[in-house]
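# Residue-level structure breakdown
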Amino acid sequence: MSGPDPAVAAVRVAVRTDLAAVAREHPGALVLVACSGGADSLALAAATAFEAPRARLRAGAVTVDHGLHERSAEVAAGAAAACRALGLDPVRVHRVAVGRTGGPEAAARTARHEALEGAAAATGAVAVLLAHTLDDQAETVLLGLARGSGTRSLAGMPAVRGHLRRPLLGLERATVRAACPPGAWEDPANADRRLARARVRHAVLPLLEEQLGPGVARALARTARAARDDADALDALAAAGDPFREGRAEVGALLAAPAALRRRWLRRAALAAGCPAGALGAGHVDALDALLLDWHGQGALALPGGASALRACGTLVMTPGPHGPAPLHP
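Below you will find a few notes about this structure. (Residues numbered from 1 in each chain as written. Predicted model: local features only at pLDDT ≥ 70, side-chain atom pairs only at ≥ 80, totals over all residues. Heavy atoms only, no water.)

## Comments concerning the packing of aromatic side chains
Taken as a whole, this structure holds zero aromatic pairs when the rule is applied. Taking NZ or CZ as reference, Arg12 lies 3.6 Å from the ring centre of Phe50, over its face. (Phe/Tyr/Trp six-rings, centres within 6.5 Å; stacked < 30°, edge-to-face > 60°. Lys NZ or Arg CZ within 6 Å of the ring centre and 35° of its normal.)

## Side note on the pattern of salt bridges
Using the criterion set out here, one finds 20 salt bridges in the structure. Here Glu51 makes a salt bridge to Arg16, at a shortest N to O gap of 3.0 Å. Within this pair, whereas Glu51 is found in helix α2 (residues 39-51), its partner Arg16 is found in helix α1 (residues 6-25), the two being separated by 35 residues in sequence. You can call Glu51 buried: its relative accessible area is 3%. For the salt bridge of Arg165 with Asp18, the shortest nitrogen-to-oxygen distance reads 3.0 Å. Residue Arg165 is found in strand β6 (residues 164-165), and its partner Asp18 is found in helix α1; the two are separated by 147 residues along the sequence. Here the residues in one salt-bridge network are Asp136, Glu139, Arg173, Arg197 and Arg201, joined through shared partners. (Salt bridge = Lys/Arg side-chain N within 4 Å of Asp/Glu carboxyl O. Helix = DSSP H or I, 4+ residues; strand = E, 2+ residues; numbered from the N terminus. Buried < 20%, exposed > 50% of the residue type's maximum accessible area, 1.4 Å probe, protein only.)

## With respect to the pairing of strand β1 (residues 30-34)
With five of five residues buried, β1 lies mostly within the body of the structure. Burial of β1 is two-sided: the residues Leu30, Leu32 and Ala34 facing one way and the residues Val31 and Val33 facing the other way are all buried. As judged from the five bridges shared by β1 and strand β2 (residues 58-65), these two strands associate in the parallel manner. Across the sheet, residue Val31 finds its bridge partner in β2, namely Ala59. After leaving β1, the chain enters α2 and then returns to the sheet as β2, a path that is right-handed. (Pairing = 2+ DSSP bridges. Right-handed = clockwise from strand over helix to strand, strands pointing away.)

## Points about the sheet that holds β2
Strand order in the open sheet made by the six strands is β3-β2-β1-β4-β6-β5, with mixed pairing throughout. Every other strand in the sheet has two partners, leaving β3 (91-95) and β5 (160-161) as the edge strands with one partner each. Strand direction decides the pairing type here: β2 and β3, joined by five bridges, are parallel. Within β3, the residue paired with Asp65 across the bridge is Arg95. In the packing of α2 onto the sheet, the strands contacted are β1, β2 and β4 (127-129), and the crossing angle to β1 comes to about 160°. (Contact = heavy atoms within 4.5 Å. Axes fitted to C-alpha atoms, helices over the stretch in contact; angles between N-to-C directions.)

Here is the structure:
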């Protein structure tokens, strides 16, 4: 008797491996698939519906309706129906209001992640599975490079962060899409060249493959993994040795540290003062660093979210914005 299609088998193996890790820690628990109705997420939903019972887990789904096009409610309802047809239960649809902070793509991502976390809390799910692929990871690395970001941004998307899990990061998009059941929807935003990710997907990566040879996406994904290992180690060192106390740090202690640690301390302090993570860029950290390295009596530095930084009497002081300081997570 022949087995499943190779693409279907590859996606099932990736999901099986991820669910095994969940089941070891949370036997019998509920996991949710984030399903937009697109090919990647439907392939993930189908594989999860097949593998979750074998891992003795329950599996449901959540669809986020961003309300960004006229058919969004219809598409969300169709995605939910497809998940129910696969046997996933519960299946929830969350309508969100997309803001403007950080641009359209970042704002949609923020609203989506808030909805996914809310769905996990409401259902008691221990994990939400996302359908990002190796190609998505490569695109994320290129976008980070274009922004001039540091190693944390070049590290791309983590396989696991909190409730969110990405079991398909090691698989190419073509493999995942080949495993998709019929009826997938194609988001028009994926082809909208006004969006940076769409330009990377349809113009930049194909050009790199043409000029440098095949395998660029896989090489970029390897770069992300290496950058993540480095960033994790440096972040742990930064968290352990952070000299900021109640928004204050001695200038001498900051200048005595390697730049990689000092800049992480400055970013952590800015976030703790209430700067939105999506709005706090490398240029802001550069400006904070200039208060230490290029000090000539300049006044307070304005930061996103209304926070500010001031060097006075050998101390760097972060002042929270109107919404107050934010909880700081390592």
